[in-house]
Amino acid sequence: MGNFGVCYYPEHWDEERIETDISLMKDIGISYVRLAEFSWHKMEPIEGQYDFKWLNDVVDKFADAGISCIIGTPTAAPPAWLMNKHPEIFPVNDMGVRVTFNGRHHDCQSNKTYREYVKKIVTEMAKEFGHNKNVVGWQIDNEFGNGHGDLCYCDSCRQAFIEWLEEKYKTVDNLNKAWGCAFWSQEYNDFSEVFLPAHTAAGKNPSTELDFKRFCSDLIVDFSKAQIDIIRQYSENQFITHNCMGFADKVNYYDLAADLDFVCHDQYPGGFYLQMPHEDNAFLAQTLELMRSFKNKNFWIMEQQAGPTGWNIMGRTPAPGQLSLWTAQAIAHGADKITYFRWRTATFGTEQFWHGILPHSGKPGRRYDEIKYTINRYDELLDEIKDLESDAKVAIVYSYDNYHALNIQPHNPDLSYVGVLADYYRALYDLKIEADMVSEMADFSKYKLVIAPLQYILKPEVKEHFDEYVKNGGHMCFTYRSGVKDENNICVSDCELPGLLSEMTGIEINEYDCLRETEVTIDLGQYSGKGKLFADIITTKEAERVGVYTNNYYSGETAISINNYGKGLVYYIGCELDDNLLNKLIYSMLLQAKIEVKYKELDRGIEVVTRKGKDKTYIFFLNHNNYVAKLNKDLIEGIEVMIGEKNGLLEPFGTAVYVKEK
Amino acid sequence: MGNFGVCYYPEHWDEERIETDISLMKDIGISYVRLAEFSWHKMEPIEGQYDFKWLNDVVDKFADAGISCIIGTPTAAPPAWLMNKHPEIFPVNDMGVRVTFNGRHHDCQSNKTYREYVKKIVTEMAKEFGHNKNVVGWQIDNEFGNGHGDLCYCDSCRQAFIEWLEEKYKTVDNLNKAWGCAFWSQEYNDFSEVFLPAHTAAGKNPSTELDFKRFCSDLIVDFSKAQIDIIRQYSENQFITHNCMGFADKVNYYDLAADLDFVCHDQYPGGFYLQMPHEDNAFLAQTLELMRSFKNKNFWIMEQQAGPTGWNIMGRTPAPGQLSLWTAQAIAHGADKITYFRWRTATFGTEQFWHGILPHSGKPGRRYDEIKYTINRYDELLDEIKDLESDAKVAIVYSYDNYHALNIQPHNPDLSYVGVLADYYRALYDLKIEADMVSEMADFSKYKLVIAPLQYILKPEVKEHFDEYVKNGGHMCFTYRSGVKDENNICVSDCELPGLLSEMTGIEINEYDCLRETEVTIDLGQYSGKGKLFADIITTKEAERVGVYTNNYYSGETAISINNYGKGLVYYIGCELDDNLLNKLIYSMLLQAKIEVKYKELDRGIEVVTRKGKDKTYIFFLNHNNYVAKLNKDLIEGIEVMIGEKNGLLEPFGTAVYVKEK
Amino acid sequence: MGNFGVCYYPEHWDEERIETDISLMKDIGISYVRLAEFSWHKMEPIEGQYDFKWLNDVVDKFADAGISCIIGTPTAAPPAWLMNKHPEIFPVNDMGVRVTFNGRHHDCQSNKTYREYVKKIVTEMAKEFGHNKNVVGWQIDNEFGNGHGDLCYCDSCRQAFIEWLEEKYKTVDNLNKAWGCAFWSQEYNDFSEVFLPAHTAAGKNPSTELDFKRFCSDLIVDFSKAQIDIIRQYSENQFITHNCMGFADKVNYYDLAADLDFVCHDQYPGGFYLQMPHEDNAFLAQTLELMRSFKNKNFWIMEQQAGPTGWNIMGRTPAPGQLSLWTAQAIAHGADKITYFRWRTATFGTEQFWHGILPHSGKPGRRYDEIKYTINRYDELLDEIKDLESDAKVAIVYSYDNYHALNIQPHNPDLSYVGVLADYYRALYDLKIEADMVSEMADFSKYKLVIAPLQYILKPEVKEHFDEYVKNGGHMCFTYRSGVKDENNICVSDCELPGLLSEMTGIEINEYDCLRETEVTIDLGQYSGKGKLFADIITTKEAERVGVYTNNYYSGETAISINNYGKGLVYYIGCELDDNLLNKLIYSMLLQAKIEVKYKELDRGIEVVTRKGKDKTYIFFLNHNNYVAKLNKDLIEGIEVMIGEKNGLLEPFGTAVYVKEK
């Protein structure tokens with residue numbers, strides 16, 4: 001099986017069309033297809049009456065053509081007969097509105113009746129295809145949490161939440177204490193009294209909200225695991241995966257990934273058609289890095305953008321070269337296989353303008369040619385670099401608890417957890433420095449610098465982990481709003497801020513100022529600039545001052561500090577710096593950590609990514625600009641071009657891969 | 001009966017006041033009144049107990065004064081006793097919220113119980129007034145669809161929708177195919193399984209949505225017809241009409257009009273008090289033209305603005321002359337009678353600031369004088385020009401299907417179907433060229449140029465109709481997003497775009513780009529400018545290139561094409577042009593079509609409208625500007641001033657009517 | 001008992017902490033605490049089982065320390081056991097959404113079951129603490145109406161509204177007439193048919209809406225009174241109060257205050273954390289003046305800002321000096337006692353970032369020191385000036401009916417009743433002229449000028465009251481939109497505008513123009529400027545012209561008039577003037593009224609407030625600027641500095657109090 005696949009919906013087209021499609025797929029190098037993840041009605045048109053003949057026929061036809069199949073469980077779109085029989089399966093939003101049929105993800109995952117139906121269809125599918133040699137793997141459901149923007153607040157979810165709380169807290173006194181229910185008379189006498197944190201007259205308890213987010217994630221993980229368990233029972237030599245969505249916050253992907261063989265990601269650089277004109281290049285790279293962190297290994301792209309995206313609203317059309325560039329970017333950051341979404345653009349339903357490789361007419365065109373070119377260009381390389389690791393010396397810490405907690409209490413309406421993480425990644429990216437995304441408890445030993453912004457909720461064991469890393473010589477960088485909360489989303493009160501980080505950072509924070517619609521000015525010695533979002537007024541204890549505020553009543557006070565701790569170094573940045581200032585500060589951190597900053601002078605928009613093998617190191621140069629760029633001789637000295645122009649030229653949206661023998 | 005009337009609510013005032021009102025009405029030339037369209041409780045204060053005495057008295061008093069009466073059925077405001085007895089009549093929005101009493105239009109039109117009550121009150125009214133010689137006609141309900149912004153999603157409507165679908169599709173397989181239910185497992189096993197397309201977790205089926213819009217329109221038409229049938233049964237020599245609202249999209253007015261003797265329009269140039277300072281002059285003219293298209297004949301104004309408008313928020317006060325000007329504009333575009341809304345400003349209820357001719361105090365003032373002057377000025381003219389047709393050589397095609405379908409899938413959030421139609425009309429208007437609004441299947445033989453923007457859904461019979469027109473020498477102009485869909489709102493896939501228009505246009509479109517928050521630049525040879533909203537990248541086959549893109553990756557590709565087809569010409573415009581560029585292009589089309597562009601040099605804001613009779617042609621000059629304008633001698637050579645200043649002068653907001661003998 | 005207190009929540013902290021807290025309170029001069037207003041569950045953990053031991057212990061400990069206690073009834077936060085047993089107590093918004101548990105104010109105040117529970121807990125509390133000598137008073141509930149942004153539209157409220165209407169109108173005919181139910185067929189046959197004015201399909205009856213606002217206020221007043229009656233039954237030498245919220249519109253505070261011994265206010269100059277960076281200084285002063293008007297006597301601050309505010313979003317941190325300045329401002333305007341909110345910042349619950357005097361850590365810091373300094377500075381002064389009145393010669397009239405009615409029908413979306421009142425107050429404030437806020441029927445005899453903007457609803461008795469004041473020599477100033485409505489929110493129709501004010505103003509208004517997104521220009525003779533929001537076109541009868549419009553079709557017409565009436569003078573201002581023009585006009589009114597304008601030349605941001613006693617007059621100078629300001633010698637001649645620098649200097653955010661012996 002090769003490295004490029006495509007999402008395919010034979011049920012959307014006349015039966016005979018598959019022959020043409022297979023022949024075109026072969027032409028461009030497609031070696032596998034994803035099938036059936038929205039075909040419940042096709043497989044169980046009437047309750048209890050299963051029909052897999054059509055799918056077996058399809059799998060067989062692909063087998064004949066040497067194309068492997070991945071099958072999706074169809075649980076993201078239960079059919080009309082089921083929803084009519086059990087309308088209580090429709091989710092309810094926090095205003096009490098029960099959604100209806102006509103889209104997808106209209107299922108409450110806690111509903112016990114629904115779980116029974118899911119069990120039956122998945123069991124039948126697993127029995128049918130678990131031993132089919134041309135079915136190489138399974139996808140569970142589709143983009144978990146998508147469409148569950150509102151989460152579900154139905155009675156079944158209330159009951160499930162209550163059970164989850166009982167399991168977690170054992171006694172209602174523990175619950176009352178963990179949530180601080182003494183505030184506003186919110187004490188419960190019994191778990192059964194707990195209400196879901198839906199629409200209130202005024203205010204909510206942030207601790208309840210955080211636990212509800214965790215519960216919703218656990219519910220999805222459990223929903224997934226129930227399916228995985230069934231499939232594993234009947235399956236042989238087949239992988240099980242799920243298509244994740246980068247920084248989406250509905251499921252903790254670390255938890256979800258634990259039960260999967262590997263994770264997949266759906267990558268749409270053109271944005272989910274709401275942004276213009278496409279996602280920030282750095283953020284695209286960061287998203288791919290995040291994916292690699294969930295199982296600390298390479299991943300697949302299950303949906304790679306193949307044309308303009310759109311439901312009722314459309315995004316821009318990718319310019320010539322962009323589809324290829326984005327494919328290369330995914331590969332560079334650790335995608336072992338690339339599956340384009342979708343083969344041919346749907347002519348009906350919600351996603352008519354979510355364009356596939358082929359247009360509505362089915363006639364090959366510019367996108368077809370570009371993807372053919374792309375597969376041909378990268379297929380062999382993928383075989384060679386599979387499983388290779390990144391060579392990053394820097395890591396950025398990612399935490400769902402902090403993501404949720406700062407969503408619940410953003411302090412400043414402009415403060416976004418992911419936005420701040422993106423600022424730090426972008427500063428590195430613009431210096432052409434690679435960074436891994438890592439979980440709080442990941443092994444940091446390979447890194448020289450670990451950046452952990454917004455360690456808002458900080459558990460003792462995480463603090464210990466950081467401590468050990470720094471004591472052994474690691475460099476860490478923290479920011480404002482760190483060490484503020486315990487794991488129950490309750491403010492620490494036994495010490496001053498930054499709480500558990502006080503010793504490591506060597507500072508104390510007695511005052512802060514939420515910078516609502518305003519900025520502070522900061523002097524860094526050599527540079528000066530602005531800060532935004534939030535300002536910690538730092539009292540240095542052991543630490544030394546790196547930057548000072550130069551306006552407001554705290555002019556002259558410390559804004560940024562540095563502390564020698566053990567064999568390592570700890571930075572604390574008291575507010576969100578402007579791009580230029582952050583860039584300068586990060587650069588000085590890199591020098592301090594003795595990290596080589598080699599490609600710094602390359603144009604903005606040129607991305608450099610390294611994959612390091614035992615014998616060879618592969619260096620990707622990706623030109624996100626719409627003009628021809630050139631790599632200076634000195635930058636490519638000692639490395640050989642493997643893919644791309646030899647003279648260091650990069651076409652508009654062009655790429656080159658160089659190799660260095662060890 | 002004369003040509004000017006007024007909406008009158010005797011039930012809002014002390015009984016004796018009517019004498020004063022009648023005498024004032026006589027003074028200014030009012031010859032008919034509209035009555036009772038919101039007086040259900042007055043007529044049926046208790047279930048089954050009818051009281052028409054008060055209304056008979058009113059009609060008699062008007063009869064004595066020689067003033068005719070039009071009576072409205074009161075079904076837009078069922079009374080409290082009925083709504084308490086049957087709260088299930090209150091409509092439900094797509095979030096499941098059932099509206100309540102305290103406004104109007106709180107009735108679900110599919111509700112069978114409500115239909116029974118409507119049947120009874122309308123029957124009683126028809127019996128009572130069907131033979132009254134002073135009652136000249138009936139208005140059914142009021143502004144159908146107003147307040148039904150949300151449509152109704154109640155159980156009764158679900159059932160009615162299901163029956164409508166069964167009638168339309170006969171078998172559920174037909175339905176599944178027509179809607180593309182294979183997408184996201186939306187197949188139905190039985191019509192009874194269909195859900196209304198209310199609030200979903202994620203996404204909707206655009207085909208379902210389009211049929212639901214059609215169903216809602218049909219429901220209103222049926223609701224109207226049920227009343228019409230009753231009235232016709234008891235009525236003698238009385239017309240039946242309804243007051244429409246221009247470009248409102250809740251009812252297909254072509255369908256509604258089929259059962260009416262003529263249509264009426266409610267014209268509020270000051271805007272529905274939400275816009276500032278008043279609707280665009282061109283759009284006002286276009287709206288009136290649209291009204292004329294619904295039965296392809298002249299219409300009435302049932303509500304003509306008589307003062308500042310307002311519910312809780314008010315609009316601007318019309319300046320001296322504007323009420324008169326707007327009346328003249330309505331007459332010029334085909335209004336046979338003008339009914340001012342309303343006689344005296346209400347002192348209570350929602351519409352206290354929707355000002356009538358008289359202020360709250362009932363004392364005649366500036367508006368009274370201006371309307372007296374206006375009636376005196378135009379009453380005779382109206383007798384003379386009644387039933388005269390427009391002399392337009394250009395038509396713009398209007399289609400509810402395309403309106404709905406592009407509301408459902410606007411592609412670009414800034415794309416509005418009506419907005420695009422308005423752009424084309426305005427380009428003609430600024431060249432002082434009159435255009436009729438026409439339905440897709442209208443007789444085009446009188447036109448030299450037919451502009452059909454956004455033929456997104458295109459049925460084969462419509463295409464044939466276009467084809468025949470062009471083959472016989474007509475010129476047509478199409479735009480981007482044409483020929484995209486079949487009548488089920490499903491993308492055509494058996495050929496490239498523009499689908500059924502491929503042959504006529506002589507082009508092929510293999511790529512397009514949705515211009516989200518961006519523009520393209522276009523070169524037209526003599527002129528250059530910008531395009532927005534959406535860009536088709538045109539491959540000319542038989543056609544010739546008229547304009548090219550000059551930026552983006554498709555710089556150099558064709559943006560606008562022209563094709564000789566049969567004896568005619570076909571233009572295709574690949575994106576929405578800026579005002580100036582569109583003006584230039586339209587001007588060249590007019591020249592090409594040998595349409596005389598005579599008044600082009602007149603100031604912006606001076607409108608020219610022609611009504612052509614057998615022996616005489618009447619030319620209206622309307623000065624929408626607040627300054628004195630002058631018509632050059634050569635423009636008025638050979639025509640005689642009939643109304644207005646003789647020297648070609650136009651007062652601020654002034655008008656003149658000239659006549660040309662054949 | 002001294003003059004400074006603090007809000008304290010012993011139930012939020014470990015039991016032993018109270019000793020530390022008491023000792024710190026003593027250190028800074030705290031002499032009383034507010035307790036228990038959110039502690040229902042602590043006091044009645046299980047239905048019918050009361051536990052007051054903890055609270056008795058707390059009260060005793062404070063008694064030992066010489067600190068008095070105020071106890072709040074906990075009815076703003078009914079506990080989970082109650083809400084589970086009776087979920088029908090949860091309020092329902094106008095869309096039919098029933099709110100849930102997890103915040104506060106989740107109680108419908110009309111619910112009879114809830115009333116029973118309230119009766120029981122309040123009775124038990126009154127019995128327990130009514131004779132406790134260290135409990136000096138009671139607070140009823142908390143910030144009535146807060147969280148009831150939506151009001152409640154449940155069935156119980158519908159029933160209560162119906163009873164309220166029956167009591168008010170006696171017969172349904174009276175109701176139909178008062179509400180103008182003839183409009184849109186809204187007549188009722190029986191009170192039981194009345195629906196609440198919740199979400200409608202289109203439009204609402206403004207008369208119904210106004211009565212519903214009055215009913216909601218009366219309901220809260222009744223809810224309060226029921227508790228007061230119980231407490232008075234068991235209480236001895238204890239005051240009863242409530243913490244109001246300035247210009248909040250949910251309760252008529254005049255009505256609420258009638259049953260209270262005095263009113264309290266919650267003052268948050270930093271804004272309710274939604275505004276930036278803090279409320280306008282003039283508006284803060286005006287809010288305090290408003291508080292003084294509710295019982296026409298001094299008031300307490302029950303919550304005075306003690307740090308940055310915030311729920312999920314935070315406000316700015318008060319700069320050094322601001323907490324002290326804002327305290328002084330409250331004292332200057334008539335606060336007899338200042339209670340800071342809150343002692344220590346909560347570590348859990350919704351208000352974790354609503355900072356108290358102490359931070360989360362409980363360690364005294366900058367805020368602690370500043371408040372200690374402040375208490376020390378003002379405690380004696382407060383004893384001295386208690387009960388002293390203002391020396392204002394100007395009053396501004398405040399009316400809930402007009403507030404509600406203009407909320408319901410703002411005419412111009414930018415028109416806000418409170419905003420207009422604030423404009424007039426600010427004009428005076430910037431001239432350093434003090435003004436009292438007064439109710440419509442207040443005694444005006446001490447004032448030389450009474451400004452009554454937007455007398456939209458004007459009752460005959462109010463008109464008589466105004467009339468008498470002017471006839472006896474008073475000066476009054478009215479504005480556009482006055483005399484428009486009767487008390488039922490129905491437009492007057494028996495005369496021209498300004499209705500009942502026609503004679504006093506000596507003018508007639510036949511036309512007006514709602515200035516939607518536009519302005520008019522106005523010439524005042526010496527000055528010219530702009531007007532906005534609404535323009536009355538004035539016909540002067542007896543009056544003289546003061547200002548004229550200079551654009552639009554009413555250029556040359558009167559914009560502002562003045563009329564000699566009796567021994568007094570009446571101004572009428574036809575539109576909302578720009579700041580500068582209003583300032584000039586108000587200045588001329590002050591001169592005309594022989595009001596000394598002494599401090600006019602002081603910097604903007606320096607506030608002057610006078611408290612006049614029998615023997616001494618106290619003059620507060622408050623510097624809201626962040627720079628040092630200086631009072632010129634001549635301004636402080638003849639007055640002695642009592643608090644503050646001697647040389648006329650005012651620190652940034654600094655204050656000085658001067659004394660003049662009579």
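For clarity, every value in this text was computed on a predicted model and none was experimentally measured. (Residues numbered from 1 in each chain as written. Chains lettered and ligands numbered in written order. Predicted model: local features only at pLDDT ≥ 70, side-chain atom pairs only at ≥ 80, totals over all residues. Heavy atoms only, no water.)

Caption draft 1: Up close: the interface of chain A and chain B. Tallying the contact residues gives 56 residues for chain A and 56 residues for chain B. Regarding the contact of chain A and chain B, the summed buried area is about 4,700 Å², with carbon and sulfur atoms giving 55% of it. The largest contributions to the chain A side of the interface with chain B come from Asn102, Asn312 and Arg316 of chain A, which together make up 14% of the buried area. Applying the counting rule to chain A against chain B returns three salt bridges. Residue Glu511 of chain B is joined to Arg366 of chain A by a salt bridge in which the shortest nitrogen-to-oxygen separation is 2.3 Å. The interface formed by chain A and chain B holds 29 residue pairs in polar contact (both at pLDDT 80 or more) in total. Only α2 (40-43) and α4 (80-85) of chain A provide two or more residues apiece to the side of chain A that touches chain B. Among the elements that line the side of chain A that touches chain B, the one with the most residues is α4 of chain A, at four residues. (Contact = heavy atoms within 4.5 Å. Buried area = accessible area lost by both parts, 1.4 Å probe. Salt bridge = Lys/Arg side-chain N within 4 Å of Asp/Glu carboxyl O. Polar contact = N/O pair within 3.5 Å; in protein donor to acceptor, adjacent residues only side chain to side chain. Helix = DSSP H or I, 4+ residues; strand = E, 2+ residues; numbered from the N terminus.)

Caption draft 2: Region of the structure containing the environment of Asn407 of chain C. Residue and element names in this part refer to chain C. If you trace the backbone, Asn407 turns up in helix α13 (residues 400-408). For Asn407, a relative accessible area of 44% gives the class partly exposed. One polar contact links Asn407 to Asp249, side chain to side chain, over a distance of 3.2 Å. (Buried < 20%, exposed > 50% of the residue type's maximum accessible area, 1.4 Å probe, protein only.)

Caption draft 3: Focus on the relation of the copies chain A and chain B. Take chain A, turn it by 120°, move it 0.0 Å along the axis, and it overlays chain B with an RMSD of 0.0 Å. Considering both components of the superposition, the chain copies are consistent with a three-fold axis. Using C-alpha coordinates, one finds that chain A approaches the rotation axis most closely at Val97 of chain A, a distance of 4.9 Å. (Least-squares fit on C-alpha atoms with pLDDT ≥ 70 in both.)

Caption draft 4: The arrangement of the domain arrangement of chain A in detail. Residue and element names in this part refer to chain A. Looking at the assigned domains, one finds that chain A contains domain 1 (4-152 + 219-387), domain 2 (394-592) and domain 3 (606-661). The gap between the C-alpha centroids of domain 1 and domain 3 is 32 Å. Of the roughly 1,600 Å² buried at the junction of domain 1 and domain 3 (both faces included), carbon and sulfur atoms supply 62%. Considering only the surface of domain 1 that becomes buried against domain 3, Leu325, Ala332 and Arg377 emerge as the three largest contributors, covering 35% of it. The interface formed by domain 1 and domain 3 contains one salt bridge. The closest approach of N and O atoms between Glu384 and Lys616, which form a salt bridge, is 3.4 Å. In this assembly, domain 1 and domain 3 are joined by ten residue pairs in polar contact (both at pLDDT 80 or more). Contributing elements (two or more residues each) for the side of domain 1 that touches domain 3: α10 (281-294), α11 (322-332) and α12 (366-385). Considering every element that reaches the side of domain 1 that touches domain 3, the biggest residue donor is α11, with six residues. Split by residue class, the side of domain 1 that touches domain 3 holds ten nonpolar, seven polar and four charged. (Domains from an automatic or database assignment. Nonpolar A, V, L, I, M, F, W, Y, C, P; charged D, E, K, R; others polar.)

Caption draft 5: Seen up close, the interface of chain A and chain C. Listed by partner, the interface residues are 56 residues for chain A and 55 residues for chain C. Regarding the contact of chain A and chain C, the summed buried area is about 4,600 Å², with carbon and sulfur atoms giving 55% of it. Along the contact surface separating chain A from chain C lie three salt bridges. At the boundary of chain A and chain C, one finds 29 residue pairs in polar contact (both at pLDDT 80 or more). Those elements giving two or more residues to the side of chain A that touches chain C turn out to be α8 (206-234) and β15 (507-523) of chain A. For the side of chain A that touches chain C, the element with the most residues is β15 of chain A, which contributes nine residues.

Caption draft 6: Up close: the pattern of salt bridges. Residues and elements named next belong to chain A. Tallying each qualifying case throughout the model produces 115 salt bridges over all chains. One salt bridge connects Lys53 with Asp57, and the closest N-O pair in it is separated by 2.7 Å. Here Asp57 and Lys53 lie together in helix α3 (residues 53-64), a separation of four residues that amounts to about one turn. By relative accessible area, Lys53 is classed as exposed at 55%. On the basis of relative accessibility, which here comes to 30%, the residue Asp57 falls in the partly exposed class. In this structure, the salt-bridge partner of Lys168 is Asp211, at a minimum N-O distance of 2.9 Å.

Caption draft 7: How the structure looks around the side chain of Asn298 of chain C. All names here are of chain C. Its location among the elements puts Asn298 in the loop between α10 (281-294) and β8 (299-305). Given a relative accessible area of 9%, Asn298 falls into the buried group. Only 2.9 Å separates the side chain of Asn298 from the side chain of Asp336, close enough to count as a polar contact. For Asn298, the contacting residues outside a window of four places in its chain are Phe262, Arg292, Gly334, Asp336, Asp387, Leu388 and Arg611.

Caption draft 8: Structural detail: the packing of aromatic side chains. Residue and element names in this part refer to chain A. According to the stated counting rule, one finds 144 aromatic pairs over all chains in the structure shown. With centroids separated by 5.3 Å and ring planes inclined at 50°, the aromatic side chains of Phe161 and Phe215 adopt a geometry described as tilted. Linking Phe161 in helix α6 (residues 155-169) with Phe215 in helix α8, this pair joins segments that are 54 residues apart in sequence. Assessed through its relative accessible area of 0%, Phe161 is described here as buried. Residue Phe215 is classed as buried on the basis of its relative accessible area of 3%. (Phe/Tyr/Trp six-rings, centres within 6.5 Å; stacked < 30°, edge-to-face > 60°.)

Caption draft 9: Structural view of the sheet that holds strand β3 (residues 68-72) of chain A. Residues and elements named next belong to chain A. Here nine strands make up an open sheet; going across it, the order is β5-β4-β3-β2-β1-β9-β8-β7-β6 and the pairing parallel. Lying at the two open borders of the sheet, with one neighbouring strand each, are β5 (239-241) and β6 (243-244). As paired elements, strand β2 (residues 32-35) and β3 share four bridges and run parallel to each other. Paired with Leu35 across the strands is Ile71, a residue of β3. Strands in contact with helix α5 (residues 112-129) are β3 and β4 (135-139); relative to β4, the strand with the most contacts, it is inclined by about 165°. Across the face of the sheet, α11 comes into contact with β1 (4-7), β7 (264-267), β8 (299-305) and β9 (335-341) while running at roughly 165° to β8. (Pairing = 2+ DSSP bridges. Axes fitted to C-alpha atoms, helices over the stretch in contact; angles between N-to-C directions.)

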